[in-house]
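A structural walkthrough
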Amino acid sequence: MERLYGKDIEELKAIALEAGLKAFAGKQLATWLYQKHIRSFDDMTNISKNARTYLQEHYELGIYDPIKVDASQDGTKKYLYQVVKDHYVEAAYIPDGERATLCLSSQVGCKMGCLFCMTARQGFQGHLDAGEILNQLHSLPEFDNITNLVYMGMGEPLDNWIQVKKSIDILTSDWGYAMSPRRITLSTIGVIPAMKQFLDDSKAHLAISIHSPFDDERRKLMPIQQVFPIKDVIKTLEDYDWRGQRRLSFEYIMFSGVNDSPDHAQELVKLLSRFKSRVNLIHFHPIPDSPLIGSSRDRMEKFQNILKDKGLMTTIRKSRGEDILAACGLLSTKEKVKKIEVDY
Ligand code: SF4
């Protein structure tokens, strides 16, 4: 059965007509779905009983709780949602003082094959639709605390741009969650055609995963480099005006002895110095059976200093949830393995 949650205003107006209501009731449906935090059709008290019965008979609500949570000592929590049978995605809740960020997944697994990523090992299993993306927020026990959203969980959001865009539209529309796009960041490895659409069609912030400024090395870490080299990604970004409130940042996971040398830092400066943007250096959470290990704090600080000395605003991102293995894809991979073992 089709799900109601995740429909946009035009779709809801059409559904209202189907259910024997006036088109304007589409807005009432949106209010119930996105602003009143309902859990069942019966909560829609200003929708006639007949129309509610029609909706119940023809649609699933599409709002469901996480099936599992891992909580870190530092307050980070990883929630596991079952989207369809045997398909699991994770959302990471990261509180930090006044802020609380939710890291959303956009796909089940991922086809991009990044060497350092646990999600990549699942391969690609499917796109999430807008409702499945947003339910990670809607059904989060800490929903009321959330100040920021990042599309940085499982999957490459620009490989699922149509549904990701729809979810951003629902988040930022008056009839939806009415959230400022300045509270939303999309993180990508640089899928150029969809990145242009994102920059043209949305006002949310953008984060680009670089992880190496050198072509050969980045290709080994991130196969996308063969299709969309980072130099082309940077060139595309130059065509946009970054002087307003929209923020551009760059993510750089640091692997010991791989991409953490002064040469890397110098090359990164050459690549990024034309932007007034932030570089986030990220400590690598090791994943099972991988030769990659994270750079030491000392090495990261030296790297940071080179970037700062050349005028690049650079932070070392606080490591969160190490004790629950917060690298995305671990919990869902474990759940999938468990399920396969049980089914077997
Ligand atoms: S890092 Fe992102 S794009 Fe790369 S495989 Fe993992 S989820 Fe996909």
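Here, every reference points to the structure presented above.
Residues numbered from 1 in each chain as written. Predicted model: local features only at pLDDT ≥ 70, side-chain atom pairs only at ≥ 80, totals over all residues. Heavy atoms only, no water.

1. Brief notes about the sheet that holds strand 13 (residues 278-283)
Taken together, 10 strands build an open sheet; the order of strands is 3-4-5-6-9-10-11-12-13-14 and the sheet is mixed. Where the open sheet ends on each side, the last strands, each with one partner, are strand 3 (68-71) and strand 14 (313-316). Within this sheet the neighbouring strands show an average axis-to-axis angle of 20°, counted without direction. Relative to strand 11 (residues 205-209), strand 10 (residues 184-188) is paired through 4 bridges, and the arrangement is parallel. Along strand 11, the bridge assignment pairs Leu 186 with Leu 206. Lying on the sheet, helix 7 (residues 192-201) is in contact with strand 10 and strand 11; it crosses strand 11 at an angle near 160°. (Pairing = 2+ DSSP bridges. Helix = DSSP H or I, 4+ residues; strand = E, 2+ residues; numbered from the N terminus. Axes fitted to C-alpha atoms, helices over the stretch in contact; angles between N-to-C directions. Contact = heavy atoms within 4.5 Å.)

2. Observations regarding the pattern of salt bridges
Note that side chains of opposite charge can pair when their charged atoms are close. Summed over all chains, the structure comprises 20 salt bridges. Glu 142 is the partner of Lys 77 in a salt bridge, and the nearest nitrogen-oxygen pair spans 2.8 Å. On the criterion of sequence distance, the pair formed by Lys 77 in strand 4 (residues 77-84) and Glu 142 in the loop between helix 5 (130-138) and strand 9 (148-151) is long-range, its members being 65 residues apart. Of the residues examined, Lys 77 reaches a relative accessible area of 25% and is grouped as partly exposed. (Salt bridge = Lys/Arg side-chain N within 4 Å of Asp/Glu carboxyl O. Buried < 20%, exposed > 50% of the residue type's maximum accessible area, 1.4 Å probe, protein only.)

3. Points about the side chain of Ser 249
By secondary structure assignment, the location of Ser 249 is in strand 12 (residues 248-254). In this view, Ser 249 contacts Leu 206, Ala 207, Ile 208, Arg 278 and Asn 280; residues no more than four positions away in its chain are not counted.

4. Points about unusual backbone geometry
The backbone of His 37 shows a phi angle near 60°, a positive value even though the residue is not glycine. The residue His 37 is located in the loop between helix 2 (25-35) and helix 3 (49-58) in this model.

5. Quick word on helix 11 (residues 297-309)
Its 13 residues place the ends of helix 11 18 Å apart at the C-alpha level, agreeing with the 18 Å of an ideal helix rising 1.5 Å per residue. Among all positions of helix 11, only Met 300, Phe 303, Gln 304, Ile 306 and Leu 307 are buried. Buried positions in helix 11, seen along its axis, are confined to an arc of 155° and lie on one side of it. Exposed side chains of helix 11 directed beyond 90 degrees from the buried face belong to Arg 297, Lys 302 and Asp 309. Looking at the buried residues of helix 11, the elements they touch are strand 12, helix 10 (262-272), strand 13 and strand 14. Count one or two residues on from helix 11 and you reach Gly 311, which has phi positive near 90°. (Expected span 1.5 Å × (residues − 1). Arc of directions from axis to C-beta.)

6. Some words on the nonpolar core
Core analysis: the biggest nonpolar cluster contains 104 residues, and Met 44, Phe 116, Leu 206, Ile 208 and Leu 237 have the highest contact counts within it. Looking at this core element by element, the count peaks at 6 residues for helix 2. (Core = buried A, V, L, I, M, F, W, Y, C linked by side-chain atoms within 4.5 Å.)

7. Here we look at the packing of aromatic side chains
By the definition in use, this model includes 10 aromatic pairs. Ring geometry for Tyr 5 and Tyr 34: centres 5.4 Å apart, planes at 55°, overall tilted. Taken together, the positions of Tyr 5 in the loop between strand 1 (2-3) and helix 1 (9-18) and Tyr 34 in helix 2 put the pair 29 residues apart, joining distant regions of the chain. Each member of the pair, Tyr 5 as well as Tyr 34, carries the same accessibility label: buried. (Phe/Tyr/Trp six-rings, centres within 6.5 Å; stacked < 30°, edge-to-face > 60°.)

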